[in-house]
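# Survey of secondary and tertiary structure
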Amino acid sequence: RIVAEYDAVEKNLSSDDKKVILHLFQKLSSAKREIFEHQELILTREKIDRKFIEDVLKKFKKLLSFKKIKEERWHEFFKENGFIFSQLFAYPTVLFKDKAYVGGKTIQDDSGKIVDFLYANKLTRNSVLIEIKKHTTKLLSNKPYRGSDVFHMDKELSGAINQALDQKETYCKQFETIRRPEDDITSFNPRCVIIIGKIDMLSKKQLKAFELLRSSFKDIEIIAFDELYIRINSILSIFKKDDNKS
């Protein structure tokens, strides 16, 4: 009744107001379960999740449309929507630290190495290093290196791979030194992931070269931004299928 009565009520709610509303629904959902049917709670949660994913995809698509963008914009986006990285792994993960120091400082306290996101396997606590680049970054050369379908890596991709490998080596060597006693994380040959470029920037011949290239790496996984977008969109398609069934 209140929402219907007042125009733009959502713009006039303070952060405290919003917390109270959330607390009310949480309290009603858990302590007063007899008020709601179990199926009603499930459907309500699905609607909220669907709206959330739709909003995330909208922001994702907008960032992908930018011809110029700083890496920091992507970093902030993924920091706000960390669940996206869960689509990269076959096991549950949790954010351990963003802009994580992984070692490498000299005696003058400089040249430290920072990884964009340090995740941990929720069960084994093993580390995962994630490096974020830009969707506009070139992946391969424009002209073939040999024949018509052999392309070499662009220097930006090559640099990103070397950066990730260097971060991993430094992290593993200095892990016991930089790890605090309270840090619940381990380092057993940690996995490295690089988010970079877009698949739709590649020609059919370049696609073959790119797949051959990235599949040859055993310690690094290279994921394009548009691939990640499609993975998130696939979650939304599940909700739509459920709606059709209903």
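See above for the structure.
A brief look at the structure comes next. Values in this document were obtained by computation on a predicted structure and should not be read as measured data.

Taking 1.5 Å of rise per residue, the 12 residues of helix 6 (residues 204–215) would be expected to cover 16 Å, and the 17 Å separating its terminal C-alpha atoms lies within 8% of that figure. Along helix 6, the residues that are buried comprise Gln206, Ala209, Phe210 and Arg214. Looking down the long axis of helix 6, one finds its buried residues gathered within 120° of arc, a one-sided arrangement. Exposed positions of helix 6 whose direction lies more than 90 degrees from the buried face are Lys204, Leu212 and Ser215.

To continue, consider a nonpolar patch on the surface. A cluster of nonpolar side chains, Ile21, Leu24 and Phe25, forms an exposed patch at the surface whose accessible area comes to about 270 Å². Within the secondary structure layout, Phe25 lies in helix 2 (residues 15–30).

Moving on, we get to the state of the cysteines. What the rule picks out here adds up to 0 disulfides. Considering cysteine sulfurs only, Cys172 is the nearest to Cys192, which forms no disulfide, with 7.9 Å between them. The exposure class of Cys192 is buried, given its relative accessible area of 1%.

Conventions used here
- Residue indices follow the written sequence of each chain, beginning from 1 at its first position.
- Selection of residues for local features in this predicted model requires a pLDDT of at least 70, selection of side-chain atom pairs for listing and counting requires 80 or more, and totals for whole chains, interfaces and linings are taken over all residues.
- Side-chain measures here rest on the full set of heavy atoms in the structure, leaving out hydrogens and waters.
- Secondary structure elements are defined from DSSP: runs of H or I of at least 4 residues count as helices, runs of E of at least 2 residues count as strands, and each element is numbered from the N terminus.
- To estimate how far a helix should extend, the number of its residues minus one is multiplied by 1.5 Å.
- A simple rule labels every residue: compare its accessible area, found with a 1.4 Å probe on the protein chains alone, to the largest value its type can have, and call it buried under 20%, exposed over 50%, or partly exposed in between.
- In this context, the arc is that of the directions from the helix axis out to the C-beta atoms.
- Within this analysis, patches are made of residues with over 30% relative accessible area and no salt bridge. Like charges are joined at 9 Å or less; nonpolar side chains (Val, Leu, Ile, Met, Phe, Trp, Tyr) at 5 Å or less.
- Each accessible area is a Shrake-Rupley estimate made with a 1.4 Å probe; only the visible protein chains count as cover when residues are assessed.
- Any carboxyl oxygen of Asp or Glu within 4 Å of a side-chain nitrogen of Lys or Arg constitutes a salt bridge here.
- The rule for a disulfide is simple: a pair of cysteine sulfur atoms within 2.5 Å.

These figures come from the coordinates and say nothing about function on their own.
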